[in-house]
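Reading the structure
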Amino acid sequence: MYKTKLWVSVLIGLTAGQIFAAGDRPFKVINTVRFGYSDNLYHETADNAEAGTFITDTIDLSFSAAFSDRTDMMVKSQLKLLTDQKENGLYPNLYMMLNHSVSPRLLLSLSEYYRSNEKSGTEANIANGTGTRYAYFVNTVGLSADYVLTQKDRLTASVNHSILRGDKALEANDYTTIGGGVAWRKELSPQRTFASLKLYQSHVNYENQPQADWSTPYSTTNPAVTYTNNFSYLDDQQAYDQTDLSIELSHTFNQNWQGRAEVGVSYIQRDFPDLSSTWTSSTNSTPVNGATNFADNAATINPMLKLGLIYSPSPRTRLTGDFSLTHQESNDNGYGGQDSAELRFGAQHDITAKLMAKATARFANITYDSKDDVTGGATQDTEDRMDLDFRLTYKLNRIHFLEAGVQHREANRDNGNSWSENRVDVGWRVELN
C-alpha cells in the first residue's frame, strides 16, 4: 500500500507537468518528489516521538500574462501532497497579483495570497494530539495604490484583509485581521539610497476562544470529593488594535553589499475579555467559591526593528542575514498577542556548474507577555525555536534535477512541552517551461 502511494504521487506530478508543458505557453511547471525519514513525524515530546518515513510531492505552477500595455497579471500556485504510513494530507497554496496603470503616475495592484499547511502534536499545542496532523490556512486579500509624486518621491496606500482558520482542534487560534496604511518613499541617492516613512493601523479579532467549557479537576484533602473549576469569558471575543510607525533606510554600498534597516514603534491597545471562575464540588452542584479575573487591557508601546544584509562576493555565492523584532497575532490560545525576535541566515553557493549547495538557519524567541494573557493567570511564557536546513541540488540536464537534504528543528518552552525533529530526504525535480 505504501509503495502504491509513492507511485501515485509521482504520476500526479508528471501528469500535471505534461499537461502544462504542451505547446508554447507562458507557464512554468516544477514537480518535486521527495522520499525521507523523520525521527519525530508529529513533533511530539521525546517520550512520545514517532519515527517513520514520508513522501512529499510538490507541484509548482507559475503563470504571467500581459492583457494590455497597462494591465498584467502574475499567478503562482503550489500543491503539496504529504504522505506517511498513517495518513495523507493535501495542502494547496496560491499567490496572485493583478496590476493596472491608471495613468503614468498611478498604479493599482490587487493581490490574493492563500497558504495552507499542517501542525501536529506538541507543535499545535493540542492535548492528546499524538500521531495526528491538523490542517490550517491563511488567506490575505490586499489592494494598494502607488502614486508618483515627483521623480524622487512616491506615495503608497494599502488596505488588507487576512484570516487564519484551522481544523476543529485548532479553531481557538482563528483570527481575522483588517489593516491599512500609507508610506512615503524618497530617493536620497540615485539608484542607491532610499528612505521610507510608514504608518500602518490594524485590528485583530479572535473569534473562537473557549467559552464556559474549560474544566480542571482539583483534588482536595478528602479523596472522595473533587472540585471542578469552570471558566467563562464575560465578553464574547478578544481583540486588539495595533498602530505601527516606522522609518526604513535601504542602501546599496557596492555591487557586493546591500543593506536595509527599519526602526519604529508599535502602539498596542488591548480589548481582552474578563474571566469569571467558579468552583463546584462533585458532591454538591452549588458553587463553593467564586472569583472574577479582570484582563490587563493597558496600552503599551513596543519596539519594532527589521534589519537585512545581502553579500554577494561572486555570481556563484550569495549570503544573507535578517533580524526582526515585532508584535503580532498569537499562535497560543492562552494569549492575545506575542512578541517575536527572529534571526535568519542563508548561504547559497554553486560548487560546480551542475552542483549547488544551500543552507539556512533560523533562530526565534517568542515571548508571551503577561499583559497578553487571557486566562486570568497573568503569567509570562517564552519559547525558543531553531530550524537548520542544508540541501544539495545536482543538475542532470536542463529539465531534471536530483536533490538531497538534512534538517533539524526544535522548540523549547518554559511552561509546556518541548520537541525536536531530525529528518533526511532525497528527491527528484522536473522543471518544464
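Everything numeric here is computed off the predicted structure, so don't read it as measured data.

Observations regarding the overall build of the protein chain
Helix and strand counts for the protein chain come out as 1 helix and 22 strands. Within the protein chain, the fraction of its 433 residues that count as buried is 37%. Within the protein chain, residue pairs in contact and separated by at least 24 positions form 58% of the contacts whose partners lie at least 6 positions apart.

What to know about the nonpolar core
Ranked by size, the top nonpolar core spans 13 residues in total, and within it Tyr136, Leu164, Leu170, Tyr175, Val204, Tyr206 and Tyr240 carry the most contacts. Only strand S6 (133-148) and strand S9 (193-206) provide two or more residues apiece to this core. Sort the elements by how many residues they give to this core and S6 lands first, with 3 residues.

With respect to the pattern of salt bridges
A complete count under the given rule lists 21 salt bridges for this structure. The partner of Glu421 in a salt bridge is Arg423, and the shortest N-O contact between them spans 2.8 Å. Note on Arg423: relative accessible area 21%, which makes it partly exposed. The network of salt bridges with common partners includes Arg34, Arg391, Glu403, Asp425, Arg429 and Glu431.

What to know about the packing of aromatic side chains
On inspection of all chains with the given rule, the structure shows 6 aromatic pairs. Between the NZ or CZ atom of Arg185 and the centre of the ring of Phe194, over which it lies, the distance is 4.0 Å. The side chain of Arg429 reaches across the aromatic face of Phe401, ending 4.3 Å from its centre.

Regarding the environment of Leu98
In this structure, Leu98 sits in strand S4 (residues 88-101). The class for Leu98 is partly exposed, based on a relative accessible area of 31%. When the C-alpha atoms of Leu98 and Leu143 are compared, they prove to be 9.7 Å apart, with 45 residues separating the residues in sequence. Ignoring anything within four residues of it in the chain, the contact list for Leu98 reads Phe67, Thr71, Asp72, Met73, Leu108, Ser109 and Leu110.

Some thoughts on unusual backbone geometry
Phi at His43 is positive, roughly 55°, even though this residue is not glycine. Here His43 is to be found in the loop between strand S1 (27-38) and strand S2 (52-66). Positive phi, close to 60°, is recorded for Gln191, a residue that is not glycine. Its location among the elements puts Gln191 in the loop between strand S8 (175-189) and S9.

What counts as what
Residues numbered from 1 in each chain as written. Predicted model: local features only at pLDDT ≥ 70, side-chain atom pairs only at ≥ 80, totals over all residues. Heavy atoms only, no water. Helix = DSSP H or I, 4+ residues; strand = E, 2+ residues; numbered from the N terminus. Buried < 20%, exposed > 50% of the residue type's maximum accessible area, 1.4 Å probe, protein only. Contact = heavy atoms within 4.5 Å. Core = buried A, V, L, I, M, F, W, Y, C linked by side-chain atoms within 4.5 Å. Salt bridge = Lys/Arg side-chain N within 4 Å of Asp/Glu carboxyl O. Phe/Tyr/Trp six-rings, centres within 6.5 Å; stacked < 30°, edge-to-face > 60°. Lys NZ or Arg CZ within 6 Å of the ring centre and 35° of its normal.

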